[in-house]
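Secondary and tertiary structure notes
So you can see what is in the structure, the chains are spelled out below.
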Amino acid sequence: MTHSRPSRKVVPAVAAIAVGALAVTGLAYVESGAASDESTGAHGDAHAGAGAGARKPEGGSRSKPNILMFTVDDMTVGDLPYLPNLNRLVVRQGTQLTQGLAPTPICVPARASLLTGQYAHNHGALTIEGAGGGFKSFEDADTLPVWLRRAGYDTYFSGKYLNGYGMQDPTYVPPGWTGWRGSVDMSTYGFYNTRYNINGTVVKRSAHNSDVLNGFTTEVIGDRAGSSRPWFMWTNFVAPHHGGSQESDDPSVDLLKTTMPAARDRNQFRNLDLPNDPEMWVGGGSPWAPRTTTAAYRAAVRESNQQRIESLQSVDDAVGAAIAKLRRTGELKNTYVIFTSDNGFLVGHHNKDGKLVPYDRSLRVPMIVRGPGIPKGEKVATPTTNPDVAVTIAAIAGARPSRRVDGVDMLDFWRSSTDFDRVVPIEAYPVKGGRSRIYSGIRYGRFTYVVTKGGQEVLFDRAADPGELRNLAKRKRYAATLRKLRRMNRTYRDCAGSTCPKTETFTAR
């Protein structure tokens, strides 16, 4: 079910010439209603079966399609119904990948996987800070934009890069990007007055950063209209990640940190309750679930969740503006649009507010794609990981990765009506730094298996126990399953390239 946005102050329509001028300054904003429904002119989105391996688009004037990827920070699958533009213009006009997964569910390793097609233990950006953490831990000379440039693409980046980017050299532009507009830490998390490195020159923008990225995105789409060269653009929002200044209705920072919606969206969801999931405010059952919480903490989580949804409204506006611009420039039918998050997030689930835990709500991310040959209004349950997204984008573009990639090209599976189970290795590392895993495991079919650094085993049967409240590792009935997943973990936890699970391991359901 898609929830309608609560009534909000209407932003006056902006004349086309003014939108172009504002986009240059990063202040362009297009009201969410500006993008009309895609109920007509959808011939470029015709169904294609699992065997449709050709990469030639069905619409447009060039032989290679454009690719536009939106990512957000800490959005969960439970947030998806609250984004009306995304649902109307991408979900209904494309395919929802219901088992989108972040094998290491935290910011830096997830984004590095989107750049490399590798699991965290191979690309080496394992965590947020310290040893193996942040921007300084990542070798970015051989990444997706480099591969795409060699394949004839122009490449554009806007928004949050890897944590710590710009703190040593705010003018640094990573290799492979035709156009670069990366936000400079720590201003990235201020939401207002963010500093951006625009192709080597650092500037400050006063508007909410989601609106600035809206302007950057539509500007590039407009500038590239009619170009003979295809383009790839990655717009990476910081919302709904916490940040910004403390406001009067924020809970104490001693309880938790909140995000900052655009001013027009503040308190639009003041009456929103927390999700009614079986694991809400239930402790114990596994090493990651605190047994108790306080009433003050629960109230803080409710307020935090409300603000998270409100902060995503400006992201939703940006999605609507980009689709409208693609349509006006005639590029929509020849453009793949991918929307996903770096990781999921818990808002009271298992008595927690956060991520990096091997629960479904942390590992699973919203993931939607529309474009040439992608079925309309469909759902695909074959798991797709963020390493897969990088490999698939390269395949769509006809680019050859020069890294030893772990992910696989998922395009034919996104187009298929058959769902497959696959083995997905999962892992996590200490937030403050460290190259030793705090857990590793396997997600396969209905089961999640995890072994902690101390050797404790956890087994969830998500079909029988969707809240993941019961650890079945010591149940005799599951002994054979436990042994099988334990062997898989030993086989794949250090896999690289061809030794990682590939499509030949997929099993039709």
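Residues numbered from 1 in each chain as written. Predicted model: local features only at pLDDT ≥ 70, side-chain atom pairs only at ≥ 80, totals over all residues. Heavy atoms only, no water.

1. Observations concerning the sheet that holds strand 20 (residues 457–461)
Taken together, four strands build an open sheet; the order of strands is 17-18-19-20 and the sheet is antiparallel. Of all the strands in the sheet, the pair left with one neighbour each is strand 17 (423–428) and strand 20. The average undirected angle you get between the axes of adjacent strands in this sheet is 15°. As judged from the five bridges shared by strand 19 (residues 447–452) and strand 20, these two strands associate in the antiparallel manner. In the strand pairing of strand 20, F447 is matched with D461. (Pairing = 2+ DSSP bridges. Helix = DSSP H or I, 4+ residues; strand = E, 2+ residues; numbered from the N terminus. Axes fitted to C-alpha atoms, helices over the stretch in contact; angles between N-to-C directions.)

2. So, the nonpolar core
The biggest cluster of nonpolar side chains holds 64 residues, and the ones touching the most others in it are I67, L148, Y161, F232, W234 and I393. Top contributing element to this core by residue count: helix 9 (residues 386–397), with six residues. In contact with I67, other than residues within four places in its own chain, are Y153, W231, F232, M233, T335, Y336, I338, I393, I396 and A397. Formed by 42 residues, the second largest nonpolar core is a distinct cluster that contains M75, Y189, A207 and A322. (Core = buried A, V, L, I, M, F, W, Y, C linked by side-chain atoms within 4.5 Å. Buried < 20%, exposed > 50% of the residue type's maximum accessible area, 1.4 Å probe, protein only. Contact = heavy atoms within 4.5 Å.)

3. Let's talk about the packing of helix 2 (residues 84–91) against helix 7 (residues 295–328)
Helix packing geometry: the angle between the two helix axes and the distance between the axes. As a packed pair, helix 2 and helix 7 sit with axes 8 Å apart at the nearest point and diverge in direction by 35°. Helix 7 is crossed by helix 2, and the crossing has left-handed handedness. On helix 7, the residues touching P84, N85, L86, L89 and V90 of helix 2 are Q313, D316, D317, V319, G320, I323 and R327. Split by residue class, the contact of helix 2 with helix 7 holds six nonpolar, three polar and three charged. (Left-handed = near helix turned anticlockwise from the far one by under 90°. Nonpolar A, V, L, I, M, F, W, Y, C, P; charged D, E, K, R; others polar.)

4. Overview of the packing of helix 6 (residues 209–224) against helix 7
It is the contact of helix 6 with helix 7, at a shortest axis distance of 9 Å, that shows an interaxial angle of 10°. Comparing the axis directions of helix 6 and helix 7 gives the class roughly parallel. Taking contact as the criterion, the partners of S210, D211, N214, T217, T218, I221 and G222 in helix 6 are, on helix 7, S314, V315, D317, A318, A321, A322, K325 and L326. Each residue belonging to the contact of helix 6 with helix 7 can be placed in one class, and the counts come to six nonpolar, six polar and three charged. (Parallel < 35°, antiparallel > 145°, perpendicular 65-115°, else oblique.)

5. What about the pattern of salt bridges?
Under the definition given, this model contains 25 salt bridges. Here R224 makes a salt bridge to D154, at a shortest N to O gap of 2.9 Å. In this pair, R224 is assigned in helix 6 and D154 in strand 4 (residues 154–159), connecting sequence segments 70 residues apart. A relative accessible area of 7% places R224 in the buried class. (Salt bridge = Lys/Arg side-chain N within 4 Å of Asp/Glu carboxyl O.)

By themselves, these figures tell us nothing about what the structure is for.
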